[in-house]
Structures are given as C-alpha cells and as structure tokens.
Amino acid sequence: MTHTEVEEYILSMPNSFLDYPFGEGVAVYKVGNPQKPTEGKMFALVAEGKDPLNLSLKCDPQLAVVLREKYETVLPGYHLNKKHWNTLILSGQLGPDDVKDLIRHSYQLVAE
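Residues numbered from 1 in each chain as written. Predicted model: local features only at pLDDT ≥ 70, side-chain atom pairs only at ≥ 80, totals over all residues. Heavy atoms only, no water.

**Student:** An account of the pattern of salt bridges is requested, with residue identities and associated values reported.
**Tutor:** Scanning the model with the defined rule gives two salt bridges in all. Between D19 and K30 there is a salt bridge, with its nearest N and O atoms 2.9 Å apart. Remark: K30 occurs in strand β2 (residues 26-31) and D19 occurs in strand β1 (residues 16-19); sequence separation between them is eleven residues. Each of the two residues, D19 as well as K30, counts as buried. (Salt bridge = Lys/Arg side-chain N within 4 Å of Asp/Glu carboxyl O. Helix = DSSP H or I, 4+ residues; strand = E, 2+ residues; numbered from the N terminus. Buried < 20%, exposed > 50% of the residue type's maximum accessible area, 1.4 Å probe, protein only.)

Dropping the structure here:
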C-alpha cells in the first residue's frame, strides 16, 4: 500500500484525525475530537519520508507476538510500548487486506 492509500484508509475510520504531537516527520492518527487533539487516542503512526513505509499500530499483545514470528517485516513498536505496538515495514510481505485488517484492529482497540 502507498502512503496515500494507508492515510485514506486510516482517515476513513469514524472520528479519526491526523495530528503531529511529536513534530514534523511523524504523522499520528488518533480517534476522538479533532478540536481537542490532546484528548485523542493514538492508533496509528507513520514515519514520513521512509521508503518502504513504516506504519506503527496498536495490537493485542498475543497477536503482536504471533505476527512478529510469522513476518520478518513486523517488528516491536519503534519508540513505543513493545508489548502493545508493532511497526510494520510495508515492503509487500503483508498484503493490502492484511494491512487494512491490522489498521482496523488497532482502531478498534483504541476506540472501543
């Protein structure tokens, strides 16, 4: 998936919005009220300017371990809680449907 496709899919989640609380270069996608971004909850981060795209997503801890064992492009969350976050290197090992499923999983963990 391209950066644009990932961003469009993430922003299609209800009440999701883009924020830059860590400065330029790290796009942080949150769920909540965009008028109160500090109250939003992070569910996806994109390291901008990276090729291939690096996408960090919240994940159920047991699933996170399974994914890391199965895919060499799924790593413990970069600069995040390694138990609850994975960083996906979108080089093609994970298909678009897999990436969308993991985005939706992350969103659901945070939004519900």
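**Student:** Break down the pairing of β2 for me, citing the residues and quoting the values.
**Tutor:** By the criterion of burial, β2 is predominantly enclosed, with five of the six residues buried. Across four bridges, the pairing between β1 and β2 is antiparallel. Directly across from S16, in β2, lies its bridge partner V31. As paired elements, β2 and strand β3 (residues 41-47) share six bridges and run antiparallel to each other. Within β3, the position partnered with K30 by the bridge is M42. (Pairing = 2+ DSSP bridges.)

**Student:** Please give an account of helix α1 (residues 3-11) that cites residues and values.
**Tutor:** For α1, the full list of buried residues reads V6, Y9 and I10. Looking down the long axis of α1, one finds its buried residues gathered within 100° of arc, a one-sided arrangement. Contacts from the buried residues of α1 go to β1, β2, β3, β4 (53-58), β6 (85-90) and α3 (96-111). (Arc of directions from axis to C-beta. Contact = heavy atoms within 4.5 Å.)

**Student:** Go over the pairing of β3 with me, naming the residues and quoting the values.
**Tutor:** Across four bridges, β3 lies against β4 in antiparallel orientation. What sits directly across from A47, in β4, is N54.

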